[in-house]
Amino acid sequence: MLMALGACRTAALGAHKVACTECGQVQIAYNSCRNRNCPNCQGRQRQQWVQARAGELLPVPYFHLVFTLPDALNPLCLHNPEVMYRLLFEASWYTVNKLGKDLRWVGAQLGMVAILHTWGSNLSLHPHLHCMVPAGGLSGNGQWKHSKSKGKYLFNREVMGTIFRARYAKLLRKAIQAGAIPQGDIPPGLFRKLFAKPWAPYAEQPFRKARQVVNYIGRYSHSIAIGNHRIKNIREGRVTFSYKNYRKKGKMENLRLEQWEFIRRFAMHIIPYRFIRIRHYGILSNRCKGQALKAARAALGAEAPLKAEQPKAAFNPLLPMHYCSCCGRTTMHLLLEVLPPARAGPYARAAKDNS
């Protein structure tokens, strides 16, 4: 995977000559690796994902929830990331779904879009889910039911934390008993540490406009541990990058690491092979959201929002979006494709396997 990132948009992956159909400008563009951990290849996917979610919005407030695993589970996340992150998704949705069906809170089937993040601003291991939840759901008779205070309040944080912790611990015990997590990886006194402190998911006040929460959570949809804009300097075998120091109220500071330590921290956040890091649940799940959203809009007396026009691929959706250096338009036409050299085979395979 790291080889693919290093070869992205270089001659190692080949190139193509393109021409603008408007002004005739001819330019050379190197191919992308298309790896989901690459900082250069996610902008277009993020834009398309946000536009797709915008077409599914309901005229109700939306909440932004964050479910975080305590640092006592970090060793298990390093050695068994696929199992631990799958349990994080399951426990988070169980919490939202259970409280949503409770008549004391909503009494309806809710929906949720969850996005996995594993990093902190300084590249430390910090597994958590960013979730988008509408302020209400569909009842059994197809009617829309708002959450408490007409959608201004979702759930109590302490109640959410208690259910989330209990469910995750139960799922973790089952995974250990089933052999999905080796007994030798379990730190001594793990479950005692898990119940020593409360788990309090973050719950943000609902956004005034639904599109705002989509744009906000869209920043997390295809982001990676660190972007190129945060790297300030690479000199003498050390990397300097900016990060938010939350101990100083989010003040931006610079952190300098040895190059191998920087690579180690970045590698901790490589998503397991074919692991799905964006998941949809309830009335927003891919299986039933078509009918569920129609029923919700009918109950709310609303029409489907107009989808913004999506940028169209100029000639090949696998190639990056290119803008003309002369007129700035995307009306580019393929003239010639340059295949990568034979020695670039491992790069191409790494890009394909991790896409």
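See the structure printed just above.
Residues take numbers from 1 onward in each chain, read along the sequence in its written order. pLDDT decides what is reported in this predicted model: residues at 70 or higher carry local features, side-chain atom pairs at 80 or more are listed and counted, and totals for whole chains, interfaces and linings draw on all residues regardless. The basis for the side-chain values is all heavy atoms of the structure; hydrogens and waters are excluded.

Alignment of strand E10 (residues 238–245) against strand E11 (residues 251–258), held across eight bridges, turns out to be antiparallel. Within E11, the residue paired with Phe241 across the bridge is Leu255. Whether two strands pair depends on DSSP finding at least two bridges between them. We count a stretch as a helix when DSSP gives it H or I for four or more residues in a row; a strand needs E for two or more, and each element gets its number in order from the N terminus.

Turning our attention to a nonpolar patch on the surface. What makes a patch is a set of residues exposed beyond 30% relative accessible area and free of salt bridges, joined within 9 Å when like-charged and within 5 Å when nonpolar (Val, Leu, Ile, Met, Phe, Trp, Tyr). Per-residue and other accessible areas were derived by the Shrake-Rupley procedure at a 1.4 Å probe size, with only the shown protein chains allowed to occlude residues. Criterion for a salt bridge: a side-chain nitrogen of Lys or Arg within 4 Å of a carboxyl oxygen of Asp or Glu. Taken together, Val26, Leu335, Leu336 and Val338 make up a surface patch of nonpolar side chains, about 330 Å² in accessible area. Ranked by the residues each element gives to the nonpolar patch, the list is headed by strand E13 (residues 332–338), at three residues. With respect to the helices and strands, Val338 occurs in strand E13. Relative accessibility under 20% of the residue-type maximum defines a buried residue, over 50% an exposed one, and the middle range a partly exposed one, all with a 1.4 Å probe and only protein chains included. The exposure class assigned to Val338 is partly exposed, which follows from its relative accessible area of 42%.

In this section: the sheet that holds E11. An order of E9-E10-E11 is seen for the three strands of this open sheet, with the pairing classed as antiparallel. Either end of the sheet is taken by a strand with one partner, and the two such strands are strand E9 (231–235) and E11. Neighbour-to-neighbour, the strand axes of this sheet turn through a mean angle of 25°, independent of strand direction. Both E9 and E10 contribute to a ladder of four bridges, which runs antiparallel. Looking across to E10, one finds that Arg235 is bridged to Arg238. Contacts are residue-level and defined by heavy atoms, with any inter-residue pair within 4.5 Å sufficient. Angular values range over 0 to 180 degrees, each being the angle between N-to-C directions of two axes fitted as lines to C-alpha atoms, with helices fitted over their stretch in contact. Across the face of the sheet, helix H9 (residues 259–267) comes into contact with E9, E10 and E11 while running at roughly 115° to E11.

Two rings belonging to Phe, Tyr or Trp (six-membered ring only in the last case) form a pair when the distance between their centres is within 6.5 Å. Interplanar angles under 30 degrees mark stacking, angles over 60 mark edge-to-face geometry, and anything in between is tilted. This model, assessed by the stated rule, comprises nine aromatic pairs. Ring centres of Tyr85 and Phe275 lie 6.4 Å apart, and the angle between their planes is 70°; on these two criteria the pair is classed as edge-to-face. Note that Tyr85 is positioned in helix H4 (residues 81–101) and Phe275 in the loop between H9 and strand E12 (278–282), a separation of 190 residues in sequence. Geometrically, the ring pair formed by Phe164 and Trp199 is edge-to-face, given 5.3 Å between the ring centres and 65° between the ring planes. Placement of the pair is Phe164 in helix H6 (residues 157–177) and Trp199 in the loop between helix H7 (190–194) and strand E8 (202–207), with a sequence separation of 35 residues.

Bringing the nonpolar core into the picture now. Residue types Ala, Val, Leu, Ile, Met, Phe, Trp, Tyr and Cys, when buried and joined through side-chain atoms within 4.5 Å, form a set referred to as a nonpolar core. In this structure, Leu65, Leu73, Met84, Val96, Phe155, Tyr168 and Leu172 are the most contacted members of the largest nonpolar core, which totals 49 residues. The set of elements that each furnish at least two residues to this core consists of strand E3 (62–68), helix H3 (74–79), H4, strand E4 (111–119), strand E5 (125–134), H6 and H7. Leaving out residues up to four positions away in the same chain, Val96 has contacts with Leu65, Phe67, Leu110, Met112, Val133 and Phe155. Trp49, Ala54, Tyr62 and Met132 belong to the second largest nonpolar core, which has 23 residues in total.

Here we take up helix H2 (residues 43–54). Here H2 contains 12 residues, and its C-alpha end-to-end distance of 17 Å stays within 8% of the 16 Å for a straight helix at 1.5 Å per residue. All of the buried residues in H2 are Arg44, Trp49, Val50, Gln51, Arg53 and Ala54. The span one expects for a helix is its residue count, reduced by one, times 1.5 Å.

Function cannot be inferred from these measures alone, as they are strictly geometric.
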